[in-house]
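# Structural characterization, general
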Amino acid sequence: YWTALLWDTGRVGDLGDDRNNSVMGMLARVLPDGRPRTALWIAVVSGIVVVALVRATRASRAGDLLAATAVIGCAAAAASPISWSHHLGWLLVALVPFVVAARSTRDRVLCALAYLVLVGPMGHGDEAWLSSVRAVLCCAAVLAVPIRTRTVETTEPERVPAA
């Protein structure tokens, strides 16, 4: 598997499929197959993964495990060669911190519009342009999911007197 099948993405679908919501899907729809496209994909997703690890670590240390999970999930969906619609549940998870952080009606309306783009209302959503928007949203979520500092109360363990 790790030496041959892992790289055979044709087993699960065409990289350029209009429903592929990943960075590779975007690239495959505009660039021909070959080493330059693969090199560009590796460079882009390497940056996404590094930023995701830094932000998720920061979120975890701040006690915001929801943000940490959303960042890593969105990075995985963006970096994967193929991300189908059911892989985008991470974007809905990422939307929660934005809704919680929303301070105005405008911000809440933007969150509602983002939700509509994610769920593809009325049976639409398999168009290439919308899949590309979703891939960009995954990358944007990695960069911008709000991280809230949470205070975690710790209690000292009871000290048992020495006998």
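Everything numeric in this text was worked out from a predicted model, so none of it was measured.

As a further point, take the confidence of the model for the protein chain. Counting all residues, the mean pLDDT for the protein chain is 87, and 85% of those residues have values of 70 or more. When pLDDT is averaged over each helix and strand of the protein chain, the minimum, 85, is found for helix 5 (residues 105-119) and the maximum, 97, for helix 2 (residues 35-61).

With that out of the way, let us pick up the nonpolar core. Grouped together as the largest cluster of nonpolar side chains are 31 residues, with contacts concentrated most on Val23, Ile48, Leu91 and Val142. Where this core is concerned, the elements lending two or more residues are helix 1 (23-30), helix 2, helix 3 (65-79), helix 4 (89-101) and helix 6 (128-144). Here this core takes nine residues from helix 3, the largest share from any one element. In contact with leucine 91, not counting residues within four places along its chain, are Cys74, Leu118, Arg134, Leu137, Cys138 and Ala141.

Relative to the assigned elements, serine 22 resides in the segment before helix 1. Judged by relative accessible area, serine 22 falls into the buried class, the value being 0%. Of the polar contacts made by the side chain of serine 22, one reaches the backbone oxygen of proline 81; its length is 2.8 Å. With residues near it in sequence (within four places) discarded, serine 22 still touches Ala77, Ala78, Ser80, Pro81, Ile82, Ser83 and Ala135.

The relative placement of two packed helices is expressed as an angle between their axes plus a distance between the axes. For the pair helix 1 and helix 2, the least separation of the axes is 10 Å and the interaxial angle reads 155 degrees. One finds that helix 1 runs roughly antiparallel with respect to helix 2. Considering how the two elements wind past one another, helix 1 and helix 2 form a crossing that is right-handed. Along its contact with helix 1, which presents Val23, Met24, Leu27 and Ala28, the element helix 2 presents Arg37, Leu40, Trp41, Val44, Val45 and Ile48.

Each value, and the rule that gives it
Residues numbered from 1 in each chain as written. Predicted model: local features only at pLDDT ≥ 70, side-chain atom pairs only at ≥ 80, totals over all residues. Heavy atoms only, no water. pLDDT = per-residue confidence, 0-100. Helix = DSSP H or I, 4+ residues; strand = E, 2+ residues; numbered from the N terminus. Core = buried A, V, L, I, M, F, W, Y, C linked by side-chain atoms within 4.5 Å. Buried < 20%, exposed > 50% of the residue type's maximum accessible area, 1.4 Å probe, protein only. Contact = heavy atoms within 4.5 Å. Polar contact = N/O pair within 3.5 Å; in protein donor to acceptor, adjacent residues only side chain to side chain. Axes fitted to C-alpha atoms, helices over the stretch in contact; angles between N-to-C directions. Parallel < 35°, antiparallel > 145°, perpendicular 65-115°, else oblique. Left-handed = near helix turned anticlockwise from the far one by under 90°.

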